[in-house]
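One letter stands for each residue in the lines below.
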Amino acid sequence: MSQEPEIVPIVDEQIEGIDDGKMSLANIAKETKLTVGEDILSRDQVLSIRARTPRTMNVNKDGKIVTVPIVKKVKIGGGKETDYVPNPYYIRKANYTFGYAGWSFDIIAKELIENQAIVHGVLTAYVKGREIRKSSFGGHAAAKELVAFECDGVRLDRWTFYKKVPKDEQDKWTKIYGGYVDLGNTFKAAATDCFKKCMSMFGFFSDIYAPDDFVEVPPEVDGEKELETIQKMIATADVKALKEILKKIQKSDKYNEAQKGLIVELIDERMKRLPDGEPVK
């Protein structure tokens, strides 16, 4: 088993002479005593982890740019709501930060305890030939027994029963129970909970789940915002502009291979919709 490397903070001697983006990050580290570990993670990876979570994102659907929410609301009881980030965006964030082949999530153990599914999982990031591992537990309540009603050989589930049977006839029906609903989905939900906890241990989405500990990264050094701008450009660009974007992206050393691959895919999709478009893949 690989030993998790020590994360070393930036010291004063390292700050002098570095670019503005790195200077901003270093100053954040000094002021808040963060251990950002740039000896292991790249500058862009640290910025991706520490970036403020955008509330919405633009996606390309059938050639049109559509705005969809990233941060959603979930009820927590007592008529109250709280912010949460759905699992697909966690996966997108992991792919963006570490690359499609740069991370893995493994379930080490699982168990059902008193109708509660518990999983133990490990999130591993592969960075510069090393493994950075974050391990945690996740849980999810197993679905309660199905409630149904039966009368004269006819069986109705709970929702149909209350919808179709008049109140003055409901006492003629017998309440019955079925088995547990798909435990596979219950364990998947527990695994999702575990994955999110492991991601939070890296520091992802701390502005949502740990706002008192969050330190905002300056927007001008947020690489993901730049990629979102490029996506918007691609959605309306002509063939000449698409070729220019493709040329600059391929020559740039600012983006990793996963990020470049995403841009190439978007350019290819846009090309296919243009009468004089040329495939790039």
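If you're wondering where the values come from, they're calculated on a predicted model, not measured in any experiment.

1. Focus: the packing of aromatic side chains
The description of an aromatic ring pair uses the distance of the two centres, along with the angle that the planes make with each other.
Next up, step 1: Summed over the entire model, instances satisfying the criterion amount to 13 aromatic pairs.
Next up, step 2: For the ring pair Phe-161 and Trp-173, a centre distance of 5.7 Å and an interplane angle of 65° mean the geometry is edge-to-face. A residue pair is termed long-range when its members are at least 10 positions apart, and Phe-161 in helix 5 (residues 158-164) and Trp-173 in the loop between helix 5 and strand 10 (174-177) qualify at twelve residues.
Next up, step 3: You can call Phe-161 buried: its relative accessible area is 2%.
Next up, step 4: A connected cluster of aromatic rings, assembled from ring pairs, spans Tyr-89, Tyr-90, Phe-98, Trp-103, Phe-105, Phe-195, Phe-202, Phe-204 and Phe-205.
Next up, step 5: Above the plane of the ring of Phe-202 lies Lys-134, whose end atom (NZ or CZ) is 5.5 Å from the centre.

2. Topic: the pairing of strand 4 (residues 80-84)
Regular strands have side chains that alternate between both faces of the sheet.
Next up, step 1: Judged from the five bridges that link them, strand 3 (residues 72-77) and strand 4 form a sheet pairing that is antiparallel. Directly across from Lys-72, in strand 4, lies its bridge partner Tyr-84.
Next up, step 2: The antiparallel pairing of strand 3 with strand 4 creates a hairpin that spans two residues between the two strands, and Gly-78 there sits at a positive phi of about 65°.

3. Some details on the state of the cysteines
Next up, step 1: Counted under the stated rule, the structure contains zero disulfides.
Next up, step 2: The thiol of Cys-198 is not disulfide-bonded; the next cysteine sulfur, from Cys-194, is found 4.3 Å away.
Next up, step 3: By relative accessible area, Cys-198 is classed as buried at 0%.

4. Side note on the pairing of strand 2 (residues 64-69)
Next up, step 1: Where strand 1 (residues 56-61) and strand 2 come together, six bridges link them in antiparallel fashion. Bridged to Asn-60 within strand 2 is Ile-65.
Next up, step 2: A loop of two residues connects strand 1 with strand 2, the two strands running antiparallel in sequence, and Asp-62 in this loop sits at a positive phi of about 55°.

5. Regarding the sheet that holds strand 5 (residues 103-113)
Next up, step 1: Taken in spatial order, the three strands line up as 5-6-7 in an open sheet, and their pairing is antiparallel. Both outer strands of the open sheet, strand 5 and strand 7 (130-141), are each paired with one neighbouring strand and no more. For this sheet, the mean angle separating the axes of adjacent strands, direction not counted, is 15°.
Next up, step 2: As defined by bridge partners, strand 5 adjoins strand 6 (residues 116-127) across ten bridges and the pair is classed as antiparallel. In the strand pairing of strand 6, Lys-110 is matched with Val-119.
Next up, step 3: The sheet contacts of helix 6 (residues 183-202) involve strand 5, strand 6 and strand 7, and relative to strand 7 the element is tilted by about 135°.

6. Regarding the environment of Val-280
Next up, step 1: Its place among the elements puts Val-280 in the segment after helix 10 (257-273).
Next up, step 2: When the C-alpha atoms of Val-280 and Ile-267 are compared, they prove to be 7.6 Å apart, with 13 residues separating the residues in sequence.
Next up, step 3: Excluding residues that lie within four positions of it along the chain, Val-280 makes contacts with Leu-246, Val-264, Ile-267, Asp-268 and Met-271.

7. Some details on the sheet that holds strand 8 (residues 147-151)
Next up, step 1: The strand order across the open sheet formed by three strands is 9-8-10, and the pairing between neighbours is antiparallel. Edge positions in the open sheet fall to strand 9 (154-157) and strand 10, since each of these has one partner strand only. Averaged over neighbouring strand pairs, the angle between their axes works out to 35° when direction is ignored.
Next up, step 2: Across four bridges, the pairing between strand 8 and strand 9 is antiparallel. Residue pairing across strands places Ala-148 opposite Asp-157, the latter belonging to strand 9.

8. Focus on the environment of Lys-260
Next up, step 1: Its place among the elements puts Lys-260 in helix 10.
Next up, step 2: Spatially, the C-alpha atom of Lys-260 lies 7.1 Å from that of Gln-250, the residues being ten residues apart in sequence.
Next up, step 3: Those residues in contact with Lys-260 that sit more than four places away from it in its chain are Ile-249, Gln-250, Ser-252 and Tyr-255.

About the thresholds
- Residues numbered from 1 in each chain as written.
- Predicted model: local features only at pLDDT ≥ 70, side-chain atom pairs only at ≥ 80, totals over all residues.
- Heavy atoms only, no water.
- Phe/Tyr/Trp six-rings, centres within 6.5 Å; stacked < 30°, edge-to-face > 60°.
- Helix = DSSP H or I, 4+ residues; strand = E, 2+ residues; numbered from the N terminus.
- Buried < 20%, exposed > 50% of the residue type's maximum accessible area, 1.4 Å probe, protein only.
- Lys NZ or Arg CZ within 6 Å of the ring centre and 35° of its normal.
- Pairing = 2+ DSSP bridges.
- Disulfide = S-S within 2.5 Å.
- Axes fitted to C-alpha atoms, helices over the stretch in contact; angles between N-to-C directions.
- Contact = heavy atoms within 4.5 Å.

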